[in-house]
Amino acid sequence: MSNPADETGMPPGVLEWMHSLGYVHETEIETATSTTSRSRTRWKSPRGVMFGNEKWYPLDEVKRHLDARASYTDEDDRPVVL
């Protein structure tokens, strides 16, 4: 996984500090979920928050979102609304 701090020019230590607060950078979400910022605008939850010029997502909400998507089965015709 690439380091978002390298890609965005964040000061050293910001990524680790935000992780300690329970947030992950949007580039980490993009890599982990194979999504783009455009596709994530449709997510009802989690919603990203802006800190400086960067978008961050609460890790616990991302986990809930991905767990809900993972529990969706092909036999169930109802769409997942998250």
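Located above this text is the structure these notes cover.
Every value quoted in this text rests on a predicted model; they were computed, and no experiment measured them.

Things to note about the environment of Val62
Here's step 1: When you line up the elements, Val62 lands in helix α5 (residues 59–71).
Here's step 2: By relative accessible area, which is 4% here, Val62 ends up buried.
Here's step 3: It is 9.0 Å that separates the C-alpha atoms of Val62 and Arg47, two residues lying 15 residues apart in sequence.
Here's step 4: Those residues in contact with Val62 that lie beyond four places of it in its chain are Ile29, Pro46 and Tyr57.

Notes on the packing of aromatic side chains
Here's step 1: Throughout the structure, instances matching the rule amount to one aromatic pair.
Here's step 2: Taking the centre distance of 5.6 Å and the plane angle of 50 degrees together, the rings of Trp17 and Phe51 count as tilted. Remark: Phe51 occurs in strand β2 (residues 49–51) and Trp17 occurs in helix α2 (residues 14–20); sequence separation between them is 34 residues.
Here's step 3: According to the relative accessible area criterion, Trp17 is partly exposed, its value standing at 43%.
Here's step 4: Here Phe51 falls in the partly exposed class, since its relative accessible area comes to 41%.

A few points about the environment of Tyr57
Here's step 1: With respect to the helices and strands, Tyr57 occurs in strand β3 (residues 54–58).
Here's step 2: A C-alpha to C-alpha distance of 5.3 Å links Tyr57 and Val24, two positions 33 residues apart in sequence.
Here's step 3: What Tyr57 contacts, discounting residues up to four positions off in sequence, is Gly22, Tyr23, Val24, Glu26, Ile29, Arg40, Pro46, Arg47, Gly48 and Val62.

Considerations on the sheet that holds β3
Here's step 1: Spatial ordering of the open sheet is given by β1-β3-β2, a layout of three strands whose pairing is antiparallel. In this open sheet, the two edge strands, each paired with only one partner strand, are β1 (23–25) and β2. This sheet shows a mean twist of 45 degrees between the axes of neighbouring strands, independent of strand direction.
Here's step 2: Sheet analysis places β2 next to β3, joined by three bridges and oriented antiparallel. Following the sheet pairing, Val49 is matched in β3 by Trp56.
Here's step 3: The sheet contacts of helix α3 (residues 26–33) involve β1 and β3, and relative to β1 the element is tilted by about 80 degrees.
Here's step 4: Against the sheet, α5 touches β1 and β3, its axis set at about 65 degrees to β3.

What to know about the pairing of β3
Here's step 1: Where burial is concerned, most of β3 is hidden: four out of the five residues are buried.
Here's step 2: Here β1 pairs with β3 via three bridges, running antiparallel. Its bridge partner being in β3, His25 is matched across the sheet by Trp56.
Here's step 3: The antiparallel pairing of β2 with β3 creates a hairpin that spans two residues between the two strands, and Gly52 there sits at a positive phi of about 70 degrees.

How each quantity is defined
Residues numbered from 1 in each chain as written. Predicted model: local features only at pLDDT ≥ 70, side-chain atom pairs only at ≥ 80, totals over all residues. Heavy atoms only, no water. Helix = DSSP H or I, 4+ residues; strand = E, 2+ residues; numbered from the N terminus. Buried < 20%, exposed > 50% of the residue type's maximum accessible area, 1.4 Å probe, protein only. Contact = heavy atoms within 4.5 Å. Phe/Tyr/Trp six-rings, centres within 6.5 Å; stacked < 30°, edge-to-face > 60°. Pairing = 2+ DSSP bridges. Axes fitted to C-alpha atoms, helices over the stretch in contact; angles between N-to-C directions.

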